[in-house]
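So you can see what is in the structure, the chains are spelled out below.
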Amino acid sequence: MARNYPGGTPLSVLTTQPLDGPLDYLAPEGGAALGAFVKVPLGPRQVLGVIWGEAQGDYPVEKLRPITAVVDVPPMRADMQDFLMKTGAYTLTPLYQMLRMTMRVPGLADPPGDRTVYQKGSSAPDRMTDARARVIDVLEEDPDKLYYPKELADMAGVSASVVKGLADQGVLLPRSAPRDAPYTKLDPSRPGKTLSDSQKDAVDALRAKSDQRFSCTLLQGVTGSGKTEVYLEAVAECLARGQQALVLLPEIALTVDFLDRVEARFGARPAEWHYGVTMTERRRCWRMVAQNGAQLVVGARSALYLPFANLGLIVVDEEHDSSYKQEDGVFYSARDMAVMRASIAGAQVILASATPALETWVNAEAGKYDRVVLDRRFGAAELPEMVPLDLREEEMSAQSWISPRLAQEIDRRLEAGEQSLLFLNRRGYAPITVCRVCGYQVGCDHCDARMVEHRFRGELMCHQCGETKDKPKTCPSCGIEDRFAPIGPGVERLAEEATARFPEARIALLSSDLMLSGQRLREHIKSIAEGEADVIIGTQLVAKGHNFPLLTCVGVIDADLGLQGGDLRAAERTFQLIRQVAGRAGRADRRGTAYIQTHQPEHPVIKAIISGEEEAFWRAEAEARRSAGVPPFGRLAGVVISGQNLSQVQGVAQAMARSAGPLHAIGAEVFGPAPAPIARIRGRHRMRLLVRSAKDPRLQGALSLWRDGVTIPSQVRVSIDIDPQSFY
């Protein structure tokens, strides 16, 4: 029960404004609770904030301004305040930015009541225009959804007058709906799917943890072993206790199949929280989570910051996935923060993966996490056979990437009515466009990065800033026309080769670049699963938990691609990605085979992938990391100094390198400065430093002292990433 303060009590209020900390105000006449969301005056403006506690400043009480209003939502719980403070301290993020993370919801301060929303009607417009067609396209993605007028206009890229005109003609139907309403009750007592003996043992092991105040369990199961059904039973146990559960997924494309499975298990769909959810539903989800009107939330990493009233379980599915790391704004790992949130709230955590992150594996080996293992596929399905294809021995033409042996295997599957998958973790048509006369490579005007050709879109794109432009006809370097050529393959070029090589096959390209919305991406995946494609070509998107029953052949086009460069996680990520992709094959009653094309079959990572000796791989990788003193046996912090003025950026970077005394005092090493691998993004020059230390809890404090001891011009930004996952 939150503490209540009577009117006139001096209180500290944390706002979402960029200030050093909470400000002091007087409680309103009717009083206010600790953690209450409030409106307060800040200069001439009214801003949102949270009552953080009693006033701490020495400002005269008689000069304090009163809180303007208390927002009609449940107060922030003490465990949520604790979570925000500890996350901010760990990631070196100002507290106001952490508060923004949990208040990222439209209309939070709006009073309860009805709203006017629009739904697709049955009438057609008197005349069709491009703008009207875009609105109708949005509506047809999900005809039952309700949209705010502005939201619909924004999603369709049209003006408000276009939406109003369609409403006047009855194409859009206005509806009056409660602003927020509880979600349909889920029934944990409904029978689930029949489980195998190993699944039942896993469920029993997880249930045994449910009485503990906090537990963290690695649910490690081979691809196709039925991990989802196991942790859904843990969700059922949580709901039966009257608590709330959160399931994090790494990719929005996974949600359709997963939501169907939740509905089959519990009789209704859960709340959703990700970028594909409308503003209407985001507000509803936030409020219902706070009021205990949502039992289960399925979401992306930011769902961790929802204000759960009674959190009992967090599941991090595919916990090894790199998309759980946020690398802009607030730098945090959703997997690690899920463990922290659960420990504060006294909840259970399940980290599920066929190929766990090394950090998770090491914690399980050390006994910090419990481990439950599913080592066999469900039912009659068998793990795929892994076959290396040595590209040094394959006779391939210069512009071909599908080896003759792999092509023969695909032909066999086509004759048998089975599906094949070709995996290449490179988006677009070609990674480089080069002039054959002078060697000029087309780069981004705003970044030090080469532009990737996207032939299906008819443009070049920078994958750093998103800038696009037409492919030039004349080389800006030598002035000669029509001599640009694509170098290297992307999935679009691979699809072109597959179309020519298998002319009778239905080719499906699975890449997020080609989809206009999450809804269309999900529909595309569903159609593939239903057998509407013969050869699937995709990037790492295909590795994320999809189940294609007819898929029996997987071809990894370039297994060596992820091993290039000096990333300390290169071996781990290559192993995880290829094992996950191979695991798409043979998930039904026909055994699959994965063909791994490589120029270095003797490489330890490739050998581990082929042999399937996963525990041996993790042990060897762990020992290599231990010897190097890097995570999970040491600590790293990546520092990026950026700005539009290169000399200023270099000056700050050099000043930081010279003044690293606070870090040296705890035995940490500082490497750099050096230009970042991509030295300019969006017009901002970038320098990097890297800090390495032992597993020392003093690291964050030393980093703060170090950063604060250097004068940083307002035009220069210094970002510190604790536990960096990438080093670009």
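Residues numbered from 1 in each chain as written. Predicted model: local features only at pLDDT ≥ 70, side-chain atom pairs only at ≥ 80, totals over all residues. Heavy atoms only, no water.

A. Spotlight on the environment of Arg377. Of note, Arg377 is situated in the loop between strand 18 (370-374) and strand 19 (385-390). Taking the C-alpha atoms as reference points, Arg377 and Arg587, 210 residues apart in sequence, are found 7.9 Å from one another. (Helix = DSSP H or I, 4+ residues; strand = E, 2+ residues; numbered from the N terminus.)

B. Looking closely at the sheet that holds strand 23 (residues 459-461). With antiparallel pairing, the three strands of this open sheet are ordered in space as 22-23-24. Two strands close off the open sheet at either side, each with one partner strand: strand 22 (452-454) and strand 24 (468-469). Looking at chain direction, strand 22 and strand 23 are connected through three bridges and run antiparallel. Bridge pairing in strand 23 places Glu453 opposite Leu460. (Pairing = 2+ DSSP bridges.)

C. View of unusual backbone geometry. Residue Pro631 is joined to Pro632 through a cis peptide bond whose omega torsion reads 10°. Note that Pro632 resides in the loop between helix 17 (614-628) and strand 30 (635-643). The linkage connecting Gly672 with the following residue, Pro673, adopts the cis geometry, with an omega of 10°. Looking at the secondary structure, you find Pro673 in strand 31 (residues 669-681). For Asn292, which is not glycine, the phi torsion reads 65° and is therefore positive. Locating Asn292 in the fold gives a position in the loop between helix 9 (279-290) and strand 13 (296-299). Phi angles above zero are rare outside glycine, and Arg682 is one such case at about 55°. Note that Arg682 resides in the loop between strand 31 and strand 32 (684-693).

D. A look at the pairing of strand 2 (residues 10-15). Of all the six residues making up strand 2, five are buried; the element is thus mostly covered by neighbouring parts of the structure. Pairing analysis gives four bridges linking strand 2 to strand 3 (residues 23-26), with the strands arranged antiparallel. The residue bridging Pro10 from the neighbouring strand is Leu26, located in strand 3. As paired strands, strand 2 and strand 6 (residues 45-54) are joined by five bridges and run antiparallel to one another. When the bridges of strand 6 are listed, Leu11 appears paired with Glu54. (Buried < 20%, exposed > 50% of the residue type's maximum accessible area, 1.4 Å probe, protein only.)

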